[in-house]
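Residues per chain are reported as follows:
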Amino acid sequence: MLGGETLYELRCSLQLAETEREGGFSPHVSPFTTITDLGNLLGQAGFTMLTVDTDEIQVNYPGIMEVMTDLQGMGESNCSWNRKSLLHRDTVLAAAAVYREMYGNDDGSIPATFDILYVIGWKPHDSQAKPAKRGSANVSFADLTKISRPNGSGQT
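If you're wondering where the values come from, they're calculated on a predicted model, not measured in any experiment. (Residues numbered from 1 in each chain as written. Predicted model: local features only at pLDDT ≥ 70, side-chain atom pairs only at ≥ 80, totals over all residues. Heavy atoms only, no water.)

1. Some words on the overall build of the protein chain
Secondary structure summary: the protein chain contains 4 helices and 2 strands in total. In sequence order, the protein chain lays out its α and β elements as α-α-β-α-α-β. For 156 residues, the compact-globule formula gives about 15 Å, and the C-alpha radius of gyration of the protein chain, at 25 Å, lies well above that figure. Overall, the C-alpha framework of the protein chain stretches about 75 × 45 × 25 Å when taken along its three principal axes. Accessible surface computed for the protein chain: about 11200 Å², of which carbon and sulfur atoms make up 55%. Computed over 12 positive and 19 negative side-chain charges, the separation of the two mean positions in the protein chain equals 14 Å. (Helix = DSSP H or I, 4+ residues; strand = E, 2+ residues; numbered from the N terminus. Rg over C-alpha atoms; globule rule 2.2 N^0.38 Å. Areas by Shrake-Rupley, 256 points an atom, 1.4 Å probe, with all protein chains shown as cover. Lys, Arg positive; Asp, Glu negative; His and termini not counted. Charge placed at Lys NZ, Arg CZ, Asp CG, Glu CD.)

What follows is the structure, given as structure tokens:
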């Protein structure tokens, strides 16, 4: 799942350009969930032992139009109800200039950052094995030192 910091370069560039050219801005990139909201949502759904991890992947593009074309091809067009459906040409050109100036690479490409969230949760069920009661073990950790190593292990 894409996380909250996904496409921050594009969002910032569009907001600055649209504010300058049109006197305000409308969101043109879909909102993404934060890692804390995702963890809270799973906790409220009854999942326990949650593990949430994140990866940041940066993809370089020749320009802003290639970024937006890829997003459209991925089905990541903006799904917000309160957005303007039209983005003026001069606003897109200004956003491209802002993007390149603020985030551009030395080779002329621009980065697009994707924040990928991974979530694992455990939901207890009656059919699952239950942990043994505390103190019910019949082997002591002290006995582990008495275990011999197999020959050829290379350790002494």
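2. Observations concerning the packing of aromatic side chains
The tally for this structure, following the rule as stated, stands at 2 aromatic pairs. Grouped by ring-pair contacts, the aromatic residues Tyr-8, Tyr-99 and Tyr-103 constitute a single cluster. When the ring centre of Phe-47 is taken as origin, the NZ or CZ atom of Lys-123, which lies over that ring, is 5.2 Å away. (Phe/Tyr/Trp six-rings, centres within 6.5 Å; stacked < 30°, edge-to-face > 60°. Lys NZ or Arg CZ within 6 Å of the ring centre and 35° of its normal.)

3. Thoughts on helix H4 (residues 89-103)
In a regular helix each residue adds 1.5 Å, so 15 residues correspond to 21 Å; H4 covers 21 Å between its end C-alpha atoms and thus fits that length. Turning to H4, its buried residues are Thr-91, Val-92, Ala-94, Ala-95, Val-98, Tyr-99 and Tyr-103. In an axial view of H4, the angular spread of the buried residues amounts to 160°, which keeps them on one side of the axis. What points out from H4, more than 90 degrees from its buried face, is the exposed set Arg-89, Leu-93 and Glu-101. (Expected span 1.5 Å × (residues − 1). Buried < 20%, exposed > 50% of the residue type's maximum accessible area, 1.4 Å probe, protein only. Arc of directions from axis to C-beta.)

4. Quick notes on the side chain of Thr-6
When you line up the elements, Thr-6 lands in the segment before helix H1 (8-22). A polar side-chain atom of Thr-6 sits 2.8 Å from the main-chain carbonyl oxygen of Gly-3. Leave out the neighbours within four places in its chain, and Thr-6 touches Arg-11, Phe-32, Thr-113, Phe-114 and Asp-115. (Polar contact = N/O pair within 3.5 Å; in protein donor to acceptor, adjacent residues only side chain to side chain. Contact = heavy atoms within 4.5 Å.)

5. Topic: the nonpolar core
Counting 18 residues, the largest nonpolar core has Leu-7, Leu-10, Val-67, Tyr-99, Ala-112 and Phe-114 as the members making the most contacts within it. Taken together, the elements giving at least two residues each to this core come down to H1, helix H3 (64-73), H4 and strand E2 (110-122). Residue contacts for Leu-10: discarding those within four places in its chain leaves Val-29, Ile-64, Val-67, Met-68, Leu-71 and Tyr-99. (Core = buried A, V, L, I, M, F, W, Y, C linked by side-chain atoms within 4.5 Å.)

6. Some details on the environment of Glu-101
Counting through the fold element by element, Glu-101 comes out in helix H4. According to the relative accessible area criterion, Glu-101 is exposed, its value standing at 68%. For the pair formed by Glu-101 and Ser-13, sequence separation is 88 residues and the distance between their alpha carbons is 9.6 Å.

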